[in-house]
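So you can see what is in the structure, the chains are spelled out below.
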Amino acid sequence: MKSTQYVARKPDESGFIHYDDAEHRVWNTLITRQLKVVEGRACQEYLDGIDQLGLPLERIPQLDEINRVLQASTGWRVARVPALIPFQTFFELLASQQFPVATFIRTPEELDYLQEPDIFHEIFGHCPLLTNPWFAEFTHTYGKLGLKASKEERVYLARLYWMTIEFGLVDTSQGRKIYGGGILSSPKETVYCLSDEPEHQPFDPLEAMRTPYRIDILQPLYFVLPELKRLFELAHEDIMALVQQAMRLGLHAPKFPPKAA
């Protein structure tokens, strides 16, 4: 596991996590800015989830506030975790319908981008769609599969996760929209991903598993679902058979330059 400068906040005896005023200001800056950017770009299911969560603008929400909404809608919860967690822990949480949330927020110096997922990315980017049964079912299935997968299989599953839950697009009657949490928590990528600059491909799980990615750049390629329900359908297909097929076929050539040493 990589190291991180961030330390997740721990709750007090009553379960309340205390943040200081500067951290609440960072949350306010991030959420007020991003709510404007996602308008007209995010899929309706995500916007419905934002409405259900009723996220505060002036302060970082407590995890219990999120849990009340998620449990009532799909039976999910969020789970407090350190800044970085092993793959095994990640899959164990998803398999038990718990979404990991690192309880720290980025510094003002890293307002636009940080490599490790913070509470803004997890709650604003991912939690709204966990109110959607199709999305929640796919995420739950993904966790259960990952728990049983080998180390090599998990690498292919990770690419599927990246190209869907983190950086997925979807076609709707209102046009092409965003559902991936990695995009929806990034102002730059929210605008860029729907432009003519990157490549868009119809979603194919096998192709997604064979496509290399880098976490520290704007994505050169996005996979586009025909509708969000496609994730629910995929959850009921033999994903591990597709993993085996992807492993036999191997990876595509990267669409990006190698990372500088």
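Please refer to the structure higher up on the page.
Bear in mind that the values here come from a model prediction, so they are computed numbers and not experimental data. (Residues numbered from 1 in each chain as written. Predicted model: local features only at pLDDT ≥ 70, side-chain atom pairs only at ≥ 80, totals over all residues. Heavy atoms only, no water.)

Colleague: So what's going on with the packing of aromatic side chains? Which residues, and what values?
Modeller: Ring pairs (aromatic) are described by centroid distance and by the angle formed between their planes. Tallied over the entire structure, the rule returns 13 aromatic pairs. On the basis of an interplanar angle of 40° and a centroid distance of 5.6 Å, the ring pair of Phe91 and Tyr142 is categorised as tilted. You can see Phe91 sitting in helix H4 (residues 87-95) and its partner Tyr142 sitting in helix H6 (residues 133-148), a full 51 residues away along the chain. Comparing Phe91 with Tyr142, the two get one shared label, buried. Measuring from ring centre to ring centre gives 4.3 Å for Trp162 and Tyr213, while their planes differ by 10°; the resulting arrangement is stacked. (Phe/Tyr/Trp six-rings, centres within 6.5 Å; stacked < 30°, edge-to-face > 60°. Helix = DSSP H or I, 4+ residues; strand = E, 2+ residues; numbered from the N terminus. Buried < 20%, exposed > 50% of the residue type's maximum accessible area, 1.4 Å probe, protein only.)

Colleague: Just give me the short version of the state of the cysteines, but keep the residues and values in it.
Modeller: In total, this model carries 0 disulfides according to the counting rule given. As a non-bridged cysteine, Cys43 has Cys193 as the owner of its nearest cysteine sulfur, 11 Å distant. The closest cysteine sulfur to the non-disulfide-bonded Cys127 is located on Cys43, 15 Å from its own sulfur. Residue class for Cys127 comes out buried when judged on its relative accessible area of 0%. (Disulfide = S-S within 2.5 Å.)

Colleague: Provide a residue-level description of the packing of helix H1 (residues 21-38) against helix H5 (residues 119-126), including the pertinent values.
Modeller: Think of two packed helices as two axes; the pair is described by the angle between the axes and how far apart they sit. The N-to-C vectors of H1 and H5 enclose an angle of 30°; their axes lie 11 Å apart at closest approach. Considering their axes alone, H1 and H5 lie roughly parallel with respect to each other. Seen along the crossing, H1 lies across H5 with a hand that is right-handed. Side by side, H1 and H5 meet where Trp27, Leu30, Ile31, Gln34, Leu35 and Val38 of the first sit next to Ile119, Phe120, Ile123 and Phe124 of the second. (Axes fitted to C-alpha atoms, helices over the stretch in contact; angles between N-to-C directions. Parallel < 35°, antiparallel > 145°, perpendicular 65-115°, else oblique. Left-handed = near helix turned anticlockwise from the far one by under 90°. Contact = heavy atoms within 4.5 Å.)

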